[in-house]
Amino acid sequence: MHKKNNLVDRDNIVIANSTKVRYNPMVIQSGSGSTLTDDQGRDYLDFGGNWALANLGYDNVKVKAAIQKQLENTSYAGIVSSINEPALQLAEKLVQLMPGDFNKKAWFGLSGSDAAEAAQRMVLAATGKSRILSFIGGMHGTNDSGMGLSGLPGEGGFRYGPHVIKAPFPDQYRSPFPGDEINVAERCISFIEDYLFKTICTPNDIAAIFVETVQSDSGDVVPPKNFLPLLRQLCDKYDILLVIDDIKIGLGRTGRMFSYEHYNVEADLILLGKSLGGGLPLSAVVGRAEVLDSGFAGFTTSGNATCCVAGYETLNEIERLNLVEYSSIAGNYLRDKLESSLMHYEIVGDIRGIGLIQGIDLVKDKASRLPNREAASNIVYRCWELGLLLYYVGNAGNVLEITPPLILTTKEIDKGVSILEQAFKDYTEGNIDQGKAAGFPGWFV
Ligand SMILES: Cc1ncc(COP(=O)(O)O)c(C=O)c1O
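Residues numbered from 1 in each chain as written. Predicted model: local features only at pLDDT ≥ 70, side-chain atom pairs only at ≥ 80, totals over all residues. Heavy atoms only, no water.

(A) Looking closely at the site of the ligand. Close contacts around the ligand come from Ser-111, Gly-112, Ser-113, Met-139, His-140, Gly-141, Glu-212, Asp-217, Asp-245, Ile-247, Lys-248 and Lys-274, and that covers them all. A distance of 2.9 Å separates an oxygen atom of the ligand from a polar atom in the backbone of Gly-112. Contact distances for the ligand include 2.8 Å between a nitrogen atom and a side-chain N or O atom of Asp-245. The protein chains hide 85% of the 390 Å² of surface that the ligand would expose on its own. (Near = heavy atom within 4 Å. Polar contact = N/O pair within 3.5 Å; in protein donor to acceptor, adjacent residues only side chain to side chain. Areas by Shrake-Rupley, 256 points an atom, 1.4 Å probe, with all protein chains shown as cover.)

Laid out in structure tokens, this is it:
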């Protein structure tokens, strides 16, 4: 079993708690495939993918080689006051990948949060309008403007973003309109159009609607299939831009290159980040050229050539390894395994997701559907002890989230699900020391 060690002590002493969203005292020493190894030489199968960062796993040879080659030229080139080819190459690739027959450009930043902030600034500047609409439960970043756009209780609520209007998201398991799960998408759209637009905000003031196609951090909430098409119709009716936040689940995870491609709609802008940089800090906004040419949003290190070669090679690898198609196949396999192995537990209320993002909603009991955060934190901790990494998410912190590297094999899925089964067994039989997880509150400090 993992020993308390020097790195854990040093982390407690010198690393600011304000950066920490911890679920266990994991030390990362190295990684290979979908497995991370700690400083004691212990291996952990990674079902969390470092918060969906490691789509290609931990040692992709081509990405590594491209980074090394660029470092030999220089690590310094950016795009703010100069031009570099890796940034151009990546922008051209992203523009070509994004669906839609209109002029497109790309913007580069360093984190999903700064992409969400830049996109807000650009849509407001491009339209001359003053407000933005987003959804309760949404997660778009951890800077002030990202938090303002988000509606995640774990981020500390709704302190920022006075220009942002929040609308209910169509959760089919815990409907914001209790008793109406079936028509929840229509109810949410009508709430915006017939209530918000007629009370606190005219649609003429709304520059853009920002939305995740699966609200992951609020509990892997998958909206009904008609939601995105209805939202697109609403945007078209009132001349509002549609911005899809694909930072967490874009680039193949759902079984499509961009998650909204499942719904046959077009986006005006897409936000990308996390896995885009192949482990290096890189984010992007891709979309309508006239919007991206508006306002200013840049950093000294924007478009860093080393990050951009990593991004370009990451996209090439997704294509070369057929990871978009594979995510769908592996996701179905994972989902079947989870359902057959865990659904019978009284504390499992729902299992949902698309492709390789799956959530297990833990409840006090199936009838009440009351969130069970205590089970989530203990099971996640127990899994870590047993050699499996994953996190829990959710507005109430009760959903086990699985966002593994897209290269996860079916053998590894079998192994991970059997560890999960063991952890569920240990938890439900009372064989877990609950005090251990208590020091790791995740988002809910
Ligand atoms: C959907 C979504 N948008 C934006 C962000 C913010 O990204 P970052 O943490 O890289 O700033 C996240 C992070 O979890 C996210 O899941």
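(B) Representation of the pairing of strand 11 (residues 348-354) within the structure. Judged by how many residues are buried, strand 11 sits mostly within the fold: seven of seven residues are covered. Note that strand 11 and strand 12 (residues 357-362) share six bridges and pair antiparallel. By the bridge assignment for strand 12, Ile-354 is matched with Ile-357. Linking strand 11 back to strand 12 in an antiparallel pair, the connection comprises two residues, with Gly-355 at a positive phi of about 60 degrees. (Buried < 20%, exposed > 50% of the residue type's maximum accessible area, 1.4 Å probe, protein only. Helix = DSSP H or I, 4+ residues; strand = E, 2+ residues; numbered from the N terminus. Pairing = 2+ DSSP bridges.)

(C) Molecular detail of the sheet that holds strand 7 (residues 206-211). In space, the seven strands of this open sheet follow the order 4-10-9-8-7-5-6, with mixed pairing throughout. One side of each edge strand has no neighbouring strand; the edge strands of this open sheet are strand 4 (104-109) and strand 6 (164-167). In this sheet, adjacent strand axes meet at a mean angle of 20 degrees when their direction is disregarded. By the bridge criterion, four bridges tie strand 5 (residues 131-135) to strand 6 in an arrangement that is parallel. The partner of Leu-133 across the bridge, within strand 6, is Ile-165. (Axes fitted to C-alpha atoms, helices over the stretch in contact; angles between N-to-C directions.)

(D) Spotlight on the side chain of Lys-248. Here Lys-248 shows up in the loop between strand 8 (241-245) and strand 9 (269-272). A polar contact is formed between the side chain of Lys-248 and the side chain of Asp-217, at a distance of 2.6 Å. A distance of 2.8 Å separates the side chain of Lys-248 from the side chain of Glu-401, its partner in a polar contact. Excluding its chain neighbours within four sequence positions, the residues that come into contact with Lys-248 are Trp-51, Ala-52, Ser-216, Asp-217, Arg-253, Lys-274, Glu-401 and Thr-403. (Contact = heavy atoms within 4.5 Å.)

(E) Expanded view of helix 8 (residues 227-238). Here helix 8 is twelve residues long and its end C-alpha atoms lie 17 Å apart, about the 16 Å a rise of 1.5 Å per residue gives. Where helix 8 is buried, its residues touch strand 5, helix 7 (184-195), strand 7 and strand 8. Once helix 8 finishes, Asp-239 follows within two positions and takes phi at roughly 55 degrees, a positive value. (Expected span 1.5 Å × (residues − 1).)

(F) Representation of the sheet that holds strand 13 (residues 388-389) within the structure. Taken in spatial order, the four strands make up an open sheet running 1-2-3-13, and their pairing is mixed. Sheet topology places strand 1 (30-32) and strand 13 at the edges, where each strand pairs with a single neighbour. With three bridges connecting them, strand 1 and strand 2 (residues 35-37) associate as antiparallel partners. If you follow Ser-30 over to strand 2, its bridge partner there is Thr-37.

(G) View of the side chain of Thr-306. Looking at the secondary structure, you find Thr-306 in helix 10 (residues 305-320). Assessed through its relative accessible area of 6%, Thr-306 is described here as buried. Ignoring any residue separated from it by four or fewer positions in sequence, one finds Thr-306 in contact with Ile-67, Gln-70, Leu-71, Thr-74, Ser-75 and Leu-280.

(H) Layout of the pairing of strand 8. Most of strand 8 sits out of view: five of its five residues are buried. Of the two faces of strand 8, the one lined by Leu-241, Val-243 and Asp-245 and the one lined by Leu-242 and Ile-244 are each fully buried. The sheet contact formed by strand 7 and strand 8 spans four bridges and is parallel. The residue bridging Phe-210 from the neighbouring strand is Val-243, located in strand 8. The parallel pair strand 7 and strand 8 is bridged by helix 8, and the resulting crossover is right-handed. (Right-handed = clockwise from strand over helix to strand, strands pointing away.)

(I) Spotlight on the domain arrangement of the chain. Split into domains, the chain comes out as domain 1 (6-56 + 322-438) and domain 2 (62-320). A separation of 25 Å is found between the C-alpha centroids of domain 1 and domain 2. Note on domain 1 versus domain 2: buried area summed over both sides is about 2,700 Å², and carbon and sulfur give 55% of it. Residue Glu-401 pairs with Lys-248 through a salt bridge whose shortest N-O separation is 2.8 Å. Connecting domain 1 to domain 2 are 19 residue pairs in polar contact (both at pLDDT 80 or more). Contributing elements (two or more residues each) for the side of domain 1 that touches domain 2: helix 2 (49-52), helix 11 (323-342), strand 11, strand 12 and strand 15 (399-402). Here the side of domain 1 that touches domain 2 gets five residues from one element, more than from any other, and that element is strand 11. (Domains from an automatic or database assignment. Buried area = accessible area lost by both parts, 1.4 Å probe. Salt bridge = Lys/Arg side-chain N within 4 Å of Asp/Glu carboxyl O.)

(J) Quick peek at the environment of Asn-304. By secondary structure assignment, the location of Asn-304 is in the loop between helix 9 (289-292) and helix 10. For the pair formed by Asn-304 and Arg-10, sequence separation is 294 residues and the distance between their alpha carbons is 31 Å. Among residues more than four places away in sequence, those in contact with Asn-304 are Ser-75, Ala-77 and Gly-78. Only 2.9 Å separates the side chain of Asn-304 from the backbone nitrogen of Thr-306, close enough to count as a polar contact.

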